[in-house]
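# Understanding the architecture of this molecule
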Amino acid sequence: MTTVTQMKCACESCLCIVSIGDAIQKDDKYYCSEACAEGHKTTKGCGHTGCSC
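For clarity, every value in this text was computed on a predicted model and none was experimentally measured.

A word on the overall build of the chain. For the chain, the helix and strand inventory stands at one helix and four strands. For the chain, the α and β elements follow one another from N to C terminus as β-β-β-β-α. For the chain, the spread of C-alpha atoms along the principal axes amounts to about 40 × 25 × 15 Å. Once local pairs closer than 6 in sequence are excluded, the contacts in the chain between residues at least 24 apart make up 19%. Carbon together with sulfur atoms contributes 49% to the accessible area of the chain, which is approximately 3900 Å² in total.

Okay, structure coming up:
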């Protein structure tokens, strides 16, 4: 059996891959940043280089 340790950020437009251990978890989904977790209501982008979410 394989254990998942990384996955794509749950934000649809985000390109980031996050470590489950370091991710921000909200509603059983994993996000790379608070901005993505809140749906970009107050912050545009996630702050990671190369990502345009």
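From this point, the discussion proceeds with the structure in view.
What follows covers the nonpolar core. Within the largest apolar cluster, 14 residues are counted, with the highest numbers of intra-cluster contacts made by Cys9, Cys14, Cys32, Cys36 and Cys46. When residues of this core are traced back to their parent elements, those giving at least two are β4 (29–31) and α1 (34–37). For Cys14, the contacting residues outside a window of four places in its chain are Lys8, Cys9, Cys32, Cys36, Cys46, Cys51 and Cys53.

What counts and how
- Residues numbered from 1 in each chain as written.
- Predicted model: local features only at pLDDT ≥ 70, side-chain atom pairs only at ≥ 80, totals over all residues.
- Heavy atoms only, no water.
- Helix = DSSP H or I, 4+ residues; strand = E, 2+ residues; numbered from the N terminus.
- Contact = heavy atoms within 4.5 Å.
- Areas by Shrake-Rupley, 256 points an atom, 1.4 Å probe, with all protein chains shown as cover.
- Core = buried A, V, L, I, M, F, W, Y, C linked by side-chain atoms within 4.5 Å.
- Buried < 20%, exposed > 50% of the residue type's maximum accessible area, 1.4 Å probe, protein only.

So, to be careful, I would describe these as geometric facts and stop short of saying anything about function.
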